[in-house]
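# Inside the fold
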Amino acid sequence: MSTDPGAPPTDDPGLGGQDGGLYMLLLYVVSVGFALVISAGLVAVSGNAWGSVAGALAEGAFLAPGRWGETLAVATPILLVSLGMVVGVRAGFFNIGQEGQLLMGALAMALIGTRVAGTGPLLLVGGLALGAVAGGLYAGVAALMRFRRGVPEVISTLLLVFVAFQIVGFAITTDWFLRDLDPNRPSQAVTSAALPGSVRLPVLTVWGNEVTIGFFLALLGAGLAAFVLTRTVFGFKLRMLGSNPRVAQQAGVSFGRAGATALFISGAAAGLAGALMLAAGASSARLTAGFSNEIGWQGLLVALLARNRPLLCIPVAILFAALRTGSGFLAATGVDRTVVDVVQALLVLALLVPPAVEFMRDRRRVSIAAQVTEPV
């Protein structure tokens, strides 16, 4: 307890330091444990062994042969999307259209890989670069509406997701665009052609698990984002703009230019994620209408849970990927897919509870401090 009579009380548990860390850890343990208990009950009601829930999730995510390599593959685009979200939020802009920007990146990768002639490595690098640019430019549409017409980027980026779905649908059903023209494929009307093997990401075999270099590129991106945001003038300008736009503009930071750059980077990260997914072999290396598979939304949640800290996004992204791969393994054990989806949703909600509780505690402490310091 503080000896200063004018200071707010600080004996509330979880205020920071070691006690705060233990308090948050306890919250996570209780939340996840409660979600597992409910999940086990749902599985039992559906006629399956309730004790298999945690074991199946762990087996599917990490323990079964080759599974943690699959988990890292799923974590790669989630991590990249979350890093883009972090950059935008630090600058004060909320890009929630990562699903569409990811699709635009995958579309660009498919175009380069299946419609352009050239050597494999050159097409791979060019496709990844063009994927990032495509995602950035698609976010740039929202930036243009934001700074020219005052349309909130939360609305425009979300609505552009549905436009992206239509663009991809048109591309994979149009002969001159991306439709697979192989007559031996009965489903040629609903996918693009597969990327050639020479245009796919190299794969490393580590302890029996296949890991693409995309995961290491994502790790490099996390380190780069952390460095730029905390150690460079550009990062300082973005953070100042996000904290107080008026002060930032008075200090010489261009609201439009810096904001558009932040949105472009946010979209470029999602576009790169889509290009890497396709080049890593997602959906059999074919662009499909449902290619994004909610990766964009989960990347947004990762950034939220990581409190917009790039390095913290790494373990959170792996955790979310483990939920996806583990849930798939749970479905393979015979549990109904609908129940599996509910289990995954419960676990995601459990991960969101501790930050929400901490947010409410922070608001309460601020309120107490304002009441204590208010003049009589």
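All values derive from a computational prediction rather than experimental measurement.

Each value, and the rule that gives it
- Residues numbered from 1 in each chain as written.
- Predicted model: local features only at pLDDT ≥ 70, side-chain atom pairs only at ≥ 80, totals over all residues.
- Heavy atoms only, no water.
- Salt bridge = Lys/Arg side-chain N within 4 Å of Asp/Glu carboxyl O.
- Buried < 20%, exposed > 50% of the residue type's maximum accessible area, 1.4 Å probe, protein only.
- Helix = DSSP H or I, 4+ residues; strand = E, 2+ residues; numbered from the N terminus.
- Contact = heavy atoms within 4.5 Å.
- 1 Å grid on protein atoms, 1.4 Å probe; cavity = no way out; pocket = protein on both sides within 12 Å on 5 of 7 lines; lining within 4 Å.
- Points joined across faces, edges and corners; volume = space filled by probe spheres on them.
- Nonpolar A, V, L, I, M, F, W, Y, C, P; charged D, E, K, R; others polar.
- Expected span 1.5 Å × (residues − 1).
- Bend = angle between axes of the 7 residues up to and from the residue.
- Patch = residues over 30% accessible without salt bridge, like charges linked within 9 Å, V, L, I, M, F, W, Y side chains within 5 Å.
- Areas by Shrake-Rupley, 256 points an atom, 1.4 Å probe, with all protein chains shown as cover.
- Pairing = 2+ DSSP bridges.
- Polar contact = N/O pair within 3.5 Å; in protein donor to acceptor, adjacent residues only side chain to side chain.
- Axes fitted to C-alpha atoms, helices over the stretch in contact; angles between N-to-C directions.
- Parallel < 35°, antiparallel > 145°, perpendicular 65-115°, else oblique.
- Left-handed = near helix turned anticlockwise from the far one by under 90°.
- Phe/Tyr/Trp six-rings, centres within 6.5 Å; stacked < 30°, edge-to-face > 60°.

The next subject is the pattern of salt bridges. Following the criterion strictly, the structure yields 3 salt bridges and no others. With a shortest N-O distance of 3.1 Å, E153 and R146 are connected by a salt bridge. The partly exposed category is assigned to R146, whose relative accessible area is 24%. Residues D175 and R179 are paired through a salt bridge, measuring 3.0 Å at the closest nitrogen-oxygen approach.

By secondary structure assignment, the location of T288 is in the loop between helix 10 (255-279) and helix 11 (295-305). Not counting chain neighbours up to four residues away, the residues in contact with T288 comprise V168, I172, V190, T191 and S283.

Our focus in this paragraph is the layout of surface pockets. A volume near 710 Å³ is recorded for the largest pocket. V74, M277, N293, I295 and R324 are the residues nearest the centre of the largest pocket, which is lined by 32 residues in total. Put simply, the parts of the chain that give the lining of the largest pocket at least two residues each are helix 3 (67-90), helix 10, helix 11, helix 12 (313-332) and helix 13 (337-373). The biggest single contributor to the lining of the largest pocket is helix 3, with 6 residues. Of the residues in the lining of the largest pocket, the class split is 15 nonpolar, 11 polar and 6 charged. In this structure, the second largest pocket spans a volume of roughly 490 Å³. Elements that contribute at least two residues to the lining of the second largest pocket include exactly helix 3, helix 5 (120-149), helix 7 (213-231), helix 8 (233-243) and helix 10.

Further remarks concern helix 3. Over its 24 residues, helix 3 extends 34 Å from the first C-alpha to the last, a length consistent with the 34 Å expected when each residue adds 1.5 Å. The largest bend in helix 3 is about 25 degrees, located at A75, with the proline P77 one to four residues further on. Counting buried positions over the 24 residues of helix 3 gives 19, a clear majority of the element. Phi turns positive one or two residues past the end of helix 3, at G92, with a value near 90 degrees.

Attention now moves to a nonpolar patch on the surface. The grouping of F94, V154, I155, L158, L159, F162 and W297 at the surface amounts to a nonpolar patch, some 620 Å² of accessible area in total. Among the elements that make up the nonpolar patch, the one with the highest residue count is helix 6 (residues 153-171) (5 residues). Given a relative accessible area of 34%, V154 falls into the partly exposed group.

So, on to the pairing of strand 2 (residues 209-212). The pairing of strand 1 (residues 203-206) with strand 2 spans 4 bridges and is classified as antiparallel. Its bridge partner lying in strand 2, V203 is registered against T212. Hairpin connection between strand 1 and strand 2: a loop of 2 residues separates the two successive antiparallel strands, and W207 in this loop has a positive phi of roughly 50 degrees.

On the secondary structure map, N244 appears in the loop between helix 8 and helix 9 (245-250). N244 sits in the partly exposed class, given a relative accessible area of 35%. Residues N244 and S367 lie 123 residues apart in sequence; the distance between their C-alpha atoms is 21 Å. A polar contact is formed between the side chain of N244 and the backbone nitrogen of V247, at a distance of 3.2 Å.

Moving on, we get to the packing of helix 3 against helix 7. Direction vectors running N to C along helix 3 and helix 7 enclose 20 degrees, while the axes themselves pass 8 Å from each other. By the angle between their directions, the pair helix 3 and helix 7 is classed as roughly parallel. Between helix 3 and helix 7 lies a crossing whose hand is left-handed. On helix 7, the residues touching L72, T76, L79, L80, L83, V86 and R90 of helix 3 are G214, F215, A218, L219, G221, A222, A225 and L229. Along the lines of polarity and charge, the residues of the contact of helix 3 with helix 7 split into 11 nonpolar, 3 polar and 1 charged.

All right, on to the packing of helix 3 against helix 10 then. Packing of helix 3 against helix 10 leaves a shortest axis separation of 7 Å and a crossing angle of 175 degrees. Comparing the axis directions of helix 3 and helix 10 gives the class roughly antiparallel. Contacts between helix 3 and helix 10 pair T76, P77, L80, V81, G84, M85 and V87 from the former with A262, I265, S266, A269, A270, L272, A273, L276 and M277 from the latter. Its residues placed into classes, the contact of helix 3 with helix 10 shows 13 nonpolar, 3 polar and no charged.

This brings us to the packing of aromatic side chains. Applying the stated criterion to the full structure yields 7 aromatic pairs. Both rings, one in F170 and one in W176, keep their centres 6.0 Å apart while their planes meet at 70 degrees; by these two values the pair is edge-to-face. Taking the centre distance of 5.9 Å and the plane angle of 70 degrees together, the rings of F215 and F216 count as edge-to-face. Looking at F215, the relative accessible area reads 9%, which means it is buried. Given the relative accessible area of 40%, F216 is considered partly exposed. A connected cluster of aromatic rings, assembled from ring pairs, spans F93, F147 and F255.

Mapping I172 onto the fold places it in the loop between helix 6 and strand 1. C-alpha of I172 to C-alpha of M240: the two residues are 68 residues apart in sequence and 43 Å apart in space.

In short, geometric facts, not functional conclusions.
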